[in-house]
Amino acid sequence: MNNMSSVLLSVKKLRASVENTSILKDLDLTIRTGEIHAIMGPNGSGKSSFSKVVAGHPAYSVDKGQILFEGNDIANLEAHERSREGIFLGFQYPVEIPGVSNADFLRLSYNEKNKKHGLEELDPLQFFELVSSKLELIGMSPNFLTRNVNEGFSGGEKKKNEILQLALLNSKLAILDETDSGLDIDALKIIGNNIKKLANNENAIVLITHYQRLLDYIVPDFIHIMKDGKIVKTGGPELAYRLEKEGYESF
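Residues numbered from 1 in each chain as written. Predicted model: local features only at pLDDT ≥ 70, side-chain atom pairs only at ≥ 80, totals over all residues. Heavy atoms only, no water.

In the annotation of an unreviewed UniProt entry, the protein chain is listed under the name Probable ATP-dependent transporter ycf16 and assigned to Erythrotrichia carnea.

Draft legend 1. Spotlight on the layout of surface pockets. Taken as a whole, the largest pocket spans an internal volume of roughly 660 Å³. What lines the largest pocket is a set of 27 residues, and nearest its centre among them are Ser83, Leu89, Phe91, Phe105 and Gln165. Mapped onto the lining of the largest pocket, the elements with two or more residues apiece are α1 (47–55), α2 (79–85), β6 (87–90), α3 (102–116) and α5 (155–169). At five residues, α3 tops the list of elements feeding residues into the lining of the largest pocket. (1 Å grid on protein atoms, 1.4 Å probe; cavity = no way out; pocket = protein on both sides within 12 Å on 5 of 7 lines; lining within 4 Å. Points joined across faces, edges and corners; volume = space filled by probe spheres on them. Helix = DSSP H or I, 4+ residues; strand = E, 2+ residues; numbered from the N terminus.)

Draft legend 2. Up close: unusual backbone geometry. For Asn150, which is not a glycine, the phi torsion comes out positive at approximately 65 degrees. For Asn150, the location among the structural elements is in the loop between β8 (148–149) and α5. Here Asn150 falls in the buried class, since its relative accessible area comes to 2%. Residues other than glycine seldom take positive phi values, yet Glu178 does so here, at roughly 50 degrees. With respect to the helices, strands and loops of the structure, Glu178 is situated in the loop between β9 (173–177) and α6 (185–198). The exposure class of Glu178 is buried, given its relative accessible area of 10%. (Buried < 20%, exposed > 50% of the residue type's maximum accessible area, 1.4 Å probe, protein only.)

Draft legend 3. Broad picture of the packing of aromatic side chains. Summed over the entire model, instances satisfying the criterion amount to two aromatic pairs. A centroid spacing of 5.3 Å and a plane angle of 85 degrees characterise the contact between Phe144 and Phe153, whose relative ring orientation is edge-to-face. Assigned by exposure class, Phe144 and Phe153 land together as buried. (Phe/Tyr/Trp six-rings, centres within 6.5 Å; stacked < 30°, edge-to-face > 60°.)

This is the structure:
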């Protein structure tokens, strides 16, 4: 954490529901620039629901409380508007988009964000130079660009593709929902180290995970334990080891 950090996300007394079922119950969380947070908890505790509510998934409704991003209430913004503001959600199960190449998908996403902020849109050649530097940074093969989005990708390739999107969009807040799900130990190490490369003093990262193993490669500043729709315990990296030994029942 740096001394010049500023509040990026402030969630206050958040209550949310899906199909009239309450899923978040008076949840409070503050995330500052330069921080890495991990949210852990048993199945059904509300971890993934929290990520979708912050990202603006239309199936979820905010019933009470606030979601402030850089001081602005974003509760009424649609998902694509939140993305343009700088919120990135990495999915547990990234979807396939047949017929759409990665290169086209990434360039359109990048240019949409630039347009929102009054920046220059890149033509295909300019974009190729930019995306090539990002591929090099995270050690991905350029042949990813010619393939359709996630079509026929292995679990590890899909997660790498999510990290490439994050690197390219340079989002201020990245929420990565169970990025470690379905990865073998080699892929996990690569993904963990790539996430670490993208962390800096201008952004923040939230890792949603069940297991300590991802946190061996990217050590969080804070770990939050969720149960029944709210955060019941916050601590440092040592909290994950306690979880491994004692399980969630101790909380």
